[in-house]
Amino acid sequence: MPIALETLQQTIGYEFRDTALAELALTHRSANRKHNERLEFLGDALLGFLVAELSWHAHPKADEGDLTIMRAQVVSRPALALVAREIDLGEAIKLSAGEARGGGRRRESILAAAMEALIAAIYLDGGFDACRAFVQRWIPDPGRDFADGALRKDNKTRLQELTQAERRSLPAYELVEVSGKGHEQLFTMRCKLPGHRIATEGSGPSRRAAEQMAAGKALAALGQDE
């Protein structure tokens, strides 16, 4: 077993029965034809569900918009990369020599993807309970700013106040797509920050929820997760 993987297991408190699965989760596409992108796909879905479950139980007064905001804050790329750095995940990721020289072990996108792949690997290796335990231990509690049945400040408000303070153009929102029918409709909204050349998208069961998710991603892109 690679020393970096052994150290990682000690850090996260989980020991893989199938270490090959763990190694696959930590293999970037630059390093091998067999890489972690399929596991990343599964881990993204698992993480989204588990964070939604945690939010739902922890905040019974929250409406769907608030729950969507909570989930978006926790599963964002910057938030996952922050956890990855906390457990020193970058040292265990397999990269090509060029990617490693280029700072790949510190790159946010690589770290976040490896986090999602690791979550999927734990699920496949140890089952749903082991996966839930890992998420509960290492992923920040959703809705840390939740109080008295509402978020202290929603993402759209925070984003607008931030751009106003910087004297930049205000965020603009536009509808990208509506899919599904009736009560099962899914809205996708785009948030544009002309002053920062940032455009993010969010999806949800209502325009409000989708806008909040898009605004949350814009805040994350600006380093405003906390």
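For the structure itself, look to the data block above.
All values reported here derive from a predicted model rather than from experimental measurement.

Reading the values: rules and limits
- Residues numbered from 1 in each chain as written.
- Predicted model: local features only at pLDDT ≥ 70, side-chain atom pairs only at ≥ 80, totals over all residues.
- Heavy atoms only, no water.
- Helix = DSSP H or I, 4+ residues; strand = E, 2+ residues; numbered from the N terminus.
- Areas by Shrake-Rupley, 256 points an atom, 1.4 Å probe, with all protein chains shown as cover.
- Lys, Arg positive; Asp, Glu negative; His and termini not counted.
- Charge placed at Lys NZ, Arg CZ, Asp CG, Glu CD.
- Axes fitted to C-alpha atoms, helices over the stretch in contact; angles between N-to-C directions.
- Parallel < 35°, antiparallel > 145°, perpendicular 65-115°, else oblique.
- Left-handed = near helix turned anticlockwise from the far one by under 90°.
- Contact = heavy atoms within 4.5 Å.
- Expected span 1.5 Å × (residues − 1).
- Buried < 20%, exposed > 50% of the residue type's maximum accessible area, 1.4 Å probe, protein only.
- Salt bridge = Lys/Arg side-chain N within 4 Å of Asp/Glu carboxyl O.
- Core = buried A, V, L, I, M, F, W, Y, C linked by side-chain atoms within 4.5 Å.
- Nonpolar A, V, L, I, M, F, W, Y, C, P; charged D, E, K, R; others polar.
- Pairing = 2+ DSSP bridges.

A. Inspection of the overall build of the protein chain at higher detail. Looking only at helices and strands, the protein chain features 10 helices and 5 strands. By principal-axis analysis of the C-alpha atoms, the protein chain measures approximately 50 × 40 × 35 Å. Carbon and sulfur atoms make up 47% of the accessible area of the protein chain, which totals about 12,200 Å². If you average the places of the 30 positive and of the 32 negative side-chain charges in the protein chain, the two averages end up 6 Å apart.

B. Expanded view of the packing of helix 3 (residues 37–58) against helix 8 (residues 128–138). Contact geometry of helix 3 with helix 8 gives a least axis separation of 10 Å together with a crossing angle of 70°. Taken together, the axes of helix 3 and helix 8 are roughly perpendicular relative to one another. Helix 8 is crossed by helix 3, and the crossing has right-handed handedness. Within the contact between the two elements, helix 3 uses L46, L47, F49, L50, E53 and L54 and helix 8 uses F128, C131, R132, V135 and Q136.

C. Seen up close, helix 10 (residues 207–221). Its 15 residues place the ends of helix 10 21 Å apart at the C-alpha level, agreeing with the 21 Å of an ideal helix rising 1.5 Å per residue. The complete set of buried residues in helix 10 reads A209, A210, E211, Q212, M213, A214, A215, G216, A218, L219 and A220. One or two steps after helix 10, the chain reaches G223, where phi turns positive at roughly 75°.

D. Inspection of the pattern of salt bridges at higher detail. By the definition in use, this model includes 10 salt bridges. The salt bridge involving R132 is made with E53; its shortest N-O contact spans 3.1 Å. Of this pair, R132 sits in helix 8 while E53 sits in helix 3, and the two are 79 residues apart along the sequence. The salt bridge involving E174 is made with K192; its shortest N-O contact spans 3.6 Å. Here E174, found in strand 3 (residues 172–179), pairs with K192, found in strand 4 (residues 186–193); they are 18 residues apart in sequence, far enough to count as distant. Exposure remark for E174: the relative accessible area of 30% places this residue in the partly exposed category. Through salt bridges with shared partners, one network takes in E174, R190, K192 and E201.

E. Structural detail: the nonpolar core. L89, M115 and F134 are the most contacted members of the largest nonpolar core, which totals 41 residues. Looking at this core, the elements with two or more residues in it are helix 1 (3–12), helix 2 (19–25), helix 3, helix 5 (77–86), helix 7 (108–126) and helix 8. Here this core gets 11 residues from one element, more than from any other, and that element is helix 7. Residues L162, C191, A215 and A218 belong to the second largest nonpolar core, which totals 9 residues.

F. Seen up close, the packing of helix 4 (residues 64–75) against helix 5. With their axes 5 Å apart at the nearest point, helix 4 and helix 5 run at an angle of 45° to one another. In terms of orientation, helix 4 and helix 5 fall into the oblique class. Between helix 4 and helix 5, the contacting residues are Q73, V74 and V75 on the first element and R77, A79 and L80 on the second. Tallied by class, the residues present in the contact of helix 4 with helix 5 amount to 4 nonpolar, 1 polar and 1 charged.

G. Fine view of the sheet that holds strand 3. One open sheet accounts for 3 strands, arranged 3-4-5; its pairing is antiparallel. Strand pairing shows two members of the sheet lacking a second neighbour, strand 3 and strand 5 (198–204), which therefore form its edges. Geometrically, the sheet is characterised by an average inter-axis angle of 20° between neighbouring strands, direction not taken into account. Of the pairings in the sheet, the one linking strand 3 to strand 4 comprises 7 bridges and is antiparallel in character. Looking across to strand 4, one finds that L175 is bridged to M189. The strands touched by helix 10 are strand 3, strand 4 and strand 5; relative to strand 5, the strand with the most contacts, the crossing angle is about 145°.

H. View of unusual backbone geometry. Within the chain, D88 stands out as a residue other than glycine whose phi angle is a positive 60°. Position of D88 relative to the elements: it lies in the loop between helix 5 and helix 6 (97–101). Taking the relative accessible area as the measure of exposure, D88 reaches 48% and is therefore partly exposed. Residues other than glycine seldom take positive phi values, yet R197 does so here, at roughly 55°. Considering the arrangement of structural elements, one finds R197 in the loop between strand 4 and strand 5.

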